[in-house]
There are 2 protein chains.
Amino acid sequence: MSEIRWDLVKQNWVAVAANRALKPNDFPIAKMGLKAPAAGGFCPFCEGNENFTPPEITAYRPKSQANEKGWLVRAIPNKFSAFTLEGELVKTDSGIFSCYNGLGEHEVIIEDPRHGVEFHDLSPERIETVLNIFKERYQDLSSDARIKYIQIYKNRGMFAGASLEHCHSQIVGLPFVPQENSGLPKYYRDNNRCLLCDMLAQETASEERLICKTDHFTLICPYAPRFPYETWIVPQRHCEHFADINEEEVRDLARVLKKLTGVIMDCLDNPSYNLVFNTAPVNVEPEAGYHWYMELTPRLLVNAAVEIAAGIYMNPVAPELSAAMLREIMS
Amino acid sequence: MSEIRWDLVKQNWVAVAANRALKPNDFPIAKMGLKAPAAGGFCPFCEGNENFTPPEITAYRPKSQANEKGWLVRAIPNKFSAFTLEGELVKTDSGIFSCYNGLGEHEVIIEDPRHGVEFHDLSPERIETVLNIFKERYQDLSSDARIKYIQIYKNRGMFAGASLEHCHSQIVGLPFVPQENSGLPKYYRDNNRCLLCDMLAQETASEERLICKTDHFTLICPYAPRFPYETWIVPQRHCEHFADINEEEVRDLARVLKKLTGVIMDCLDNPSYNLVFNTAPVNVEPEAGYHWYMELTPRLLVNAAVEIAAGIYMNPVAPELSAAMLREIMS
């Protein structure tokens, strides 16, 4: 069981595994590579190995039975979850310190039964299925009043924090609202307008950092990107929660994601990357100003001391230049 | 020239190189290794290559002339600085966005003339010299009213963001105060006491996360560590600025750093790590509650999507366990 501890000095949350200690050699970096089942190795996410994962939560499987072969996309509990969705949130003080119990949920979405198939290899129809399972899991988790924020994300490649090679994403249900995207409600309080709607209007007019527009989404390199070639995918329709995405938007987004991830893999020479869904908190007093969006962050640089200590990102690539490059290739 | 841009959504600073774009292959990760001058390669930080760096700012050289051989520690401007210390801080608006010019300073401290000698290999006396040059540069930079925060740090190894192998640290002088350590003045405002002094008292009494005490410093694994085996070195004397360290403390700290970095290299199997000096802002209205300290963060894990998006760190090693391990070895 883990504890969610508050760092009084740096003012951030840390989920600490309170009862175990990984040894130095247990860390993926120490092995300088992912757990790739090369030549006869074992992968618990592969078709046929369903019994090596916890029983599935949901799956897209046209004909077969739960936890058997024949699935296309599969949602399972994360075997190494830092969180457990049991009981209530309890605060424990220890002198000047305090922590919460690790209340929450941590799931894995396996996006293809075949090992070695990557996200950008999936068909648009398969990506639609993946998005629909994200939506289903989001709706289900948000029906639990103890969960306050749902984070859907993908870590692809070692420099993005992936520890398994098989194509997958993750969903975390947190018992509190992280500081992430706190600028959205702040801007609304200050201006009585949606920041992302204003941003879309400005970026579309100036075209400086605009990559392309589809029927429902606008792709930009943001004004202050933390990572080189960072790209945001913003729905044009003002909408707070990812789960309120409609069928047409899912269809469009699947095509955008396939194309963008393919271009990024190609142009940036097979980089590690993260794909993150930013959305509004759930089960809390609603605050205006949220507008869901996605970010794709290639991880060409490691966060160094300035980033982790001072929280100032050093980005050697101007977004005006990365947008120009991506605009040419995406259009 | 770079721009310091504010991310309205995520509420953080980004220093963006506004006029250049690194190509994918320019990133160290793409090369999967440091620029190590193996077998006849070239290193600009090596003795004899003084002309390949900008002219030095200061150096410890018992007999020789500036920018010639014969030095032991050398401070130079960072050739690839994101900052320039010229003119005044100017804010520029661009629609809803705004940025500052890249006003600031970025220096490199080369800690030994020999390639391949690592920080933990240096003698305590040499580390004293390095610390004294840090102190001298801190004092000099803080005399410039345009600089508001001085960040001294080391990136060691590829997973800590190092791009050159030769043993060095860096100093950045920033034109604003980062959010780093904002919990210190906050705790003082709330409690009228110093957080780090209170923390030292509690950690010393409980011993749960205490590694060891020397004459002047206390080493702990912090209650909510962002990284496995993260260690803080806290001066027992309440003191806001690193540059107010006295001679005896420098002597003691040099020995602590040599021992701790050696232990970390040994026990964690040659990890990448950052070493960071946390200190009070300069040239701003003084706020009570700052207490300088150092942190050593081994980088055994890559920050994944949860860390970079939600700002929640997942740490699989409890500090009580890492402290027990380090306590046994350090004492």
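Worth saying up front: this structure is predicted, and the values here are computed from it rather than measured.

Even after reading the chapter, I still don't get the UniProt feature "domain: Galactose-1-phosphate uridyl transferase C-terminal" (unreviewed entry) in chain A, so can you show me in this structure?
UniProt records the feature "domain: Galactose-1-phosphate uridyl transferase C-terminal" (unreviewed entry) at residues 184–306 of chain A, using the numbering of this structure. Between the end C-alpha atoms of residues 184–306 of chain A the distance is 25 Å, and the span holds 35% helix and 20% strand.

Got a minute to help me understand the sheet that holds strand β1 (residues 2–7) of chain B in this structure?
Strand-to-strand pairing in sheets goes through backbone hydrogen bonds, with the strands running parallel or antiparallel. Pairing is mixed across the open sheet formed by five strands, whose spatial order is β15(A)-β2(B)-β1(B)-β6(B)-β5(B). Taken across any chain shown, the strands that pair with only one partner, and hence form the sheet edges, are β15 (313–315) of chain A together with β5 (91–94) of chain B. Across the sheet, the mean angle from the axis of one strand to that of its neighbour is 30 degrees, orientation sign disregarded.

What am I meant to see in the sheet that holds strand β9 (residues 168–174) of chain A here?
Residues and elements named next belong to chain A. The sheet built from ten strands is open, its strands ordered β3-β4-β7-β9-β8-β13-β14-β12-β11-β10 with antiparallel pairing. Across the chains shown, the open sheet's two edge strands, defined by having one partner strand only, are β3 (58–60) and β10 (210–213). For this sheet the average axis-to-axis angle between neighbouring strands, irrespective of direction, equals 20 degrees. As paired strands, strand β11 (residues 217–220) and strand β12 (residues 231–235) are joined by four bridges and run antiparallel to one another. Among the inter-strand pairings, Phe-217 is bridged to a residue of β12, identified as Pro-235. Helix-sheet contacts for helix α3 (residues 195–206) involve β10, β11, β12 and β14 (293–298), and the interaxial angle to β12 is about 115 degrees. Its contacts with the sheet place helix α4 (residues 247–267) against β8 (149–156), β11, β12, β13 (273–278) and β14, and it is angled at close to 10 degrees to β14.

So what exactly am I meant to see when it comes to the interface of chain A and chain B here?
You'll often see interface size given as the accessible area lost when the parts meet. Chain A puts 100 residues into the contact, and the matching count from chain B is 100 residues. Here chain A is connected to chain B by four salt bridges. Note that Lys-10 of chain A is salt-bridged to Glu-295 of chain B, the shortest N-O span being 2.7 Å. Counting across the chain A and chain B interface gives 32 residue pairs in polar contact (both at pLDDT 80 or more). Grouping the constituent residues of the side of chain A that touches chain B by class yields 62 nonpolar, 22 polar and 16 charged. Where β15 of chain A lies against strand β2 (residues 12–17) of chain B, three bridges are found, and the strand directions are parallel. Residue pairing in the sheet places Met-314 of chain A in a bridge with Ala-15 of chain B of β2 of chain B.

Teacher, can you tell me more about the pattern of salt bridges here?
Any two side chains of opposite charge can pair if their charged atoms end up close together. The full count for this structure, using the stated rule, is 46 salt bridges over all chains. For Glu-111 of chain B, the salt bridge identified is with Lys-154 of chain B, shortest N-O distance 2.5 Å. Within this pair, whereas Glu-111 of chain B is found in the loop between β7 (105–110) and α1 (124–142), its partner Lys-154 of chain B is found in strand β8 (residues 149–156), the two being separated by 43 residues in sequence. Note on accessibility: Glu-111 of chain B and Lys-154 of chain B belong to one class, buried. Connected through salt bridges with shared partners, the residues Glu-3 and Arg-5 of chain A together with Glu-203, Glu-208, Arg-209 and Glu-320 of chain B form a single ionic network.

Looking at this model, I keep getting lost on the pairing of strand β9 (residues 168–174) of chain B. Mind explaining?
Along a regular strand, successive side chains alternate from one face of the sheet to the other. Residue and element names in this part refer to chain B. Of all seven residues making up β9, seven are buried, and the element is well covered by its neighbours. With burial as the criterion, each face of β9 is covered, one bearing His-168, Gln-170, Val-172 and Leu-174 and the other bearing Ser-169, Ile-171 and Gly-173. Across six bridges, β7 lies against β9 in antiparallel orientation. Its bridge partner lying in β9, Glu-107 is registered against Ile-171. As judged from the five bridges shared by β8 and β9, these two strands associate in the antiparallel manner. Paired with Ile-150 across the two strands is Gly-173, which belongs to β9.

The rules we used
Residues numbered from 1 in each chain as written. Chains lettered and ligands numbered in written order. Predicted model: local features only at pLDDT ≥ 70, side-chain atom pairs only at ≥ 80, totals over all residues. Heavy atoms only, no water. UniProt positions renumbered as here; feature names shortened; annotations may be inferred. Helix = DSSP H or I, 4+ residues; strand = E, 2+ residues; numbered from the N terminus. Pairing = 2+ DSSP bridges. Axes fitted to C-alpha atoms, helices over the stretch in contact; angles between N-to-C directions. Contact = heavy atoms within 4.5 Å. Salt bridge = Lys/Arg side-chain N within 4 Å of Asp/Glu carboxyl O. Polar contact = N/O pair within 3.5 Å; in protein donor to acceptor, adjacent residues only side chain to side chain. Nonpolar A, V, L, I, M, F, W, Y, C, P; charged D, E, K, R; others polar. Buried < 20%, exposed > 50% of the residue type's maximum accessible area, 1.4 Å probe, protein only.

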